[in-house]
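Overview (structure and organization)
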Amino acid sequence: MTPSSLALLDDPHSADNLSGSPDIAGLRGPEDLVRFYREAAGTAPLLVVTNREPVVWKGEGCLSLPPGGVSQTIHRLLSRTGGRWIALRDSGGPDGLRVPGDEGDPGYRLDRMEIPPALMEGHYAGFSNGVLWPFFHDEPSRISGSVEDLVAYREVNRRVAARVLESLRESSPSLVWVHDYQMALVGREMRRSGSALPPLAFFWHIPWVETPVSGGIPRWLGEIVTGLLSYDQVGFQTELYRDRFLETVFALFGSRASWDGETLSVAMEGGIRRIHPGVFPISIDPDHFRMMARDPANTLRARLFLSDLGLDEKRAPGGYLISVDRLDYSKGFLERLDMLEALYALDPSRLGRLSLLQVAPSTRLSVDAYRRYAEAAESRAAELNRRYAKGDWRPVVTVSRSLDPSLLAPLYNLSRGCLVTATRDGMNLVAKEFLASQDGGGSPLFVSRHTGTAMTMEGLSLVDPADPALSARMIHEGLILDPRRVEKKNREALAFLREHNVYRWMASNLVRPLLSASSRSGTLARPA
Ligand code: ADQ
């Protein structure tokens, strides 16, 4: 991208130009992303704020990368360009770490914030995962927070904002990029300081629900929305979620809010806030998954793994369907097992042949709703196994831990199909990882229509966890479809993912705030 093309993109009323410009649309890999960043931001570092750390501290000089492609993509950019990352710590070691880059790369600084356990409990288990997560995943019966939890949430966000402000005294970032529902109020706390700030961008990874009608809008929701209005840009996964957010803003602010399709303006006490609520569907690096799935050593490892689980061709001659997700109620484990049972009822010849392999590490066990759900999911799987097991064959095989992506990719590839059954999901990256790992092969993806993936990709086979019997029929039909038709669909999906990859996602998030910063300072960033 040249400075003159940056100037062309600098049109505040043309998001399509911004995100659809050839320069961003052509991004394919980490090199392209680094080049884009350098040209848009020069040498100014990016400052990223997340709830979780991007690396795991394993001892002096030893760091490992946790699973999760998004934080790894941001990690790779910062390793190359330099920058700073502020996160709540979740492993041992010092408070500040220099995360090294590859040879010749600067690496970046990681500030690891220690939050006292009681405060963390209220922030994380209490308000974030006891209130916000169930609320925004349309599971009101699982909401379990208290007023003290909201106080803890505010306090943690205030501390994070204070740390960001402190870091601004040491260096001037190109922008501050804050992530997800645990950190919604960081921007508000930063604005309250009255300091001059770089652009503040936020990405909301989870769904946005319809604005509550009965009982009115809870006061805490008003606070979250007002907090989000403190950022210059708030990114959502889909148009539906962005539009629902706008509806909530209008329900709260009425005629004090206006929206021109690009900029949301809200008259607030301190003046008019103008923000850009954007739509940026998150993605993966499909080429990386394809390569991992093709790798013969990975494939051999996957075959051995399957054999250890009793899922080799001899003992499970019909193969296995795969599902991969944290053991979270929003992922629809019970609904998926209902679908499986309905599939066996529809076509009993699959009994004794086709299993479900569910890779399901437990998650958030400090929250009661999660503990209870994990027990219910385990007991439902055990019930199916009791009812239908035949000899060495079991209908449900559960792996209760995280697997390395280099093993997941060939497991996706060797499967008979993938079941994504979330009752609500911001995007669902597993669906995209499966499609990329198919490498155009002939195993079908069945994806819940309540995921961002289903809402933003065309031609997918949809299921509905609210209707397991109908979903079982869809799965049955997908499994007996001519593999050449599935291959064609998968090839088309892969082509889409290659174009709409995670590097492009990052660039489209960053481009507008970076350009607004350079036009504010009256200069375009010079390539470093
Ligand atoms: P999650 O709810 O965690 O993410 P998802 O999008 O599927 O859901 O991402 C999970 C990631 O973790 C994937 O990369 C997947 O491979 C990995 N993963 C899951 N289970 C694993 C296992 N057992 N072993 C190894 N890796 C595993 C939140 C939102 C989503 C949104 C993402 C990104 O809830 O809606 O898509 O953030 O914005």
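Starting from 1, residues in each chain are numbered consecutively following that chain's sequence as written. Whole-chain, interface and lining totals are the exception, using all residues; otherwise, since this is a predicted model, local features are given only for residues with pLDDT of at least 70 and side-chain atom pairs are given and counted only at 80 or more. In computing side-chain properties, one takes all heavy atoms of the structure into account and sets aside hydrogens as well as water.

Every axis in this analysis is a line fitted to C-alpha atoms, fitted for helices over the stretch in contact. Angles between the N-to-C directions lie between 0 and 180 degrees. Segments assigned H or I by DSSP are reported as helices when at least four residues long, segments assigned E as strands when at least two residues long, and all are numbered from the N terminus. Between helix α15 (residues 405-414) and helix α16 (residues 429-438), whose axes approach to 8 Å, the crossing angle comes to 70°. Taken together, the axis directions place α15 and α16 in an arrangement best described as roughly perpendicular. Contact residues: Ala 409, Tyr 412 and Asn 413 in α15; Val 430, Glu 433, Phe 434, Ser 437 and Gln 438 in α16. Taken together, the residues of the contact of α15 with α16 break down into 4 nonpolar, 3 polar and 1 charged. Put simply, angles under 35 degrees are roughly parallel, angles over 145 are roughly antiparallel, angles from 65 to 115 are roughly perpendicular, and the rest are oblique. Residues are treated as being in contact if the distance between any of their heavy atoms lies within 4.5 Å. Residues are sorted three ways: Asp, Glu, Lys and Arg are charged, Ala, Val, Leu, Ile, Met, Phe, Trp, Tyr, Cys and Pro are nonpolar, and all the rest, Gly among them, are polar.

With that settled, the discussion passes to the site of the ligand. Here a residue is near a molecule or strand as soon as one of its heavy atoms is found within 4 Å of it. For the ligand, the set of nearby residues contains 22 residues, the closest of which are His 205, Leu 403, Asp 425, Leu 429 and Glu 433. Contacts described as polar in this section are N or O atom pairs within 3.5 Å, which, within protein, must combine one atom able to donate a hydrogen with one able to accept it, while residues neighboring in sequence count only if both atoms come from side chains. With respect to the ligand, the side chain of His 205 contributes an N or O atom lying 2.7 Å from an oxygen atom. Here an oxygen atom of the ligand and a side-chain polar atom of Asp 425 are 2.5 Å apart. The protein chains shown are the only cover counted for residues, whose accessible areas, like all others here, come from Shrake-Rupley with a 1.4 Å probe. For the ligand, whose unbound accessible area comes to 710 Å², protein coverage reaches 89%. No other element matches α16, which puts 3 residues into the shell around the ligand. Looking at side-chain class alone, the shell around the ligand contains 11 nonpolar, 5 polar and 6 charged residues.

Next up on the list: the nonpolar core. Nonpolar side chains tend toward joint burial in soluble globular proteins. Trp 204 and Phe 245 are the most contacted members of the largest nonpolar core, which totals 66 residues. Reported domain spans reflect what an automatic or database domain assignment gives. The residues that make up this core include at least three from each of domain 1 (3-114 + 173-283 + 503-521) and domain 2 (286-499). Leave out the neighbours within four places in its chain, and Phe 245 touches Trp 208, Val 225, Leu 228, Leu 229, Phe 236, Leu 264, Ile 275 and Pro 277. Among the nonpolar cores identified, the runner-up in size contains 58 residues, and Tyr 344, Val 359, Ala 409 and Val 420 belong to it. The nonpolar core is taken to be a set of buried Ala, Val, Leu, Ile, Met, Phe, Trp, Tyr and Cys residues, with the residues joined through side-chain atoms within 4.5 Å. Note on exposure labels: buried denotes an accessible area under 20% of the residue type's maximum, exposed denotes more than 50%, and partly exposed covers the range between, all computed with a 1.4 Å probe on protein chains only.

In this section: the sheet that holds strand β13 (residues 320-324). Strands qualify as paired when DSSP identifies two bridges or more between them. With respect to topology, 6 strands assemble into an open sheet ordered β15-β14-β13-β16-β17-β18, the strand pairing being parallel. Of all strands in the sheet, those with a lone pairing partner are β15 (396-399) and β18 (461-463), marking the two edges. Between one strand axis and the next, the sheet turns by 25° as a mean value, whatever way the strands run.

Time to look at the pattern of salt bridges. For this document, the term salt bridge refers to a Lys or Arg side-chain nitrogen within 4 Å of an Asp or Glu carboxyl oxygen. All chains considered together, the criterion is met by 44 salt bridges. Note that Glu 170 is salt-bridged to Arg 109, the shortest N-O span being 3.5 Å. A residue pair is termed long-range when its members are at least 10 positions apart, and Glu 170 in helix α7 (residues 147-170) and Arg 109 in strand β6 (residues 108-113) qualify at 61 residues. One salt bridge in this structure joins Arg 326 and Asp 328, with 3.2 Å as the shortest N-O distance. On the basis of relative accessible area, Arg 326 is assigned to the partly exposed category, the value being 28%. Overlapping salt bridges, with partners in common, bring together Arg 84, Arg 109, Asp 111, Arg 163 and Glu 170 in one network.

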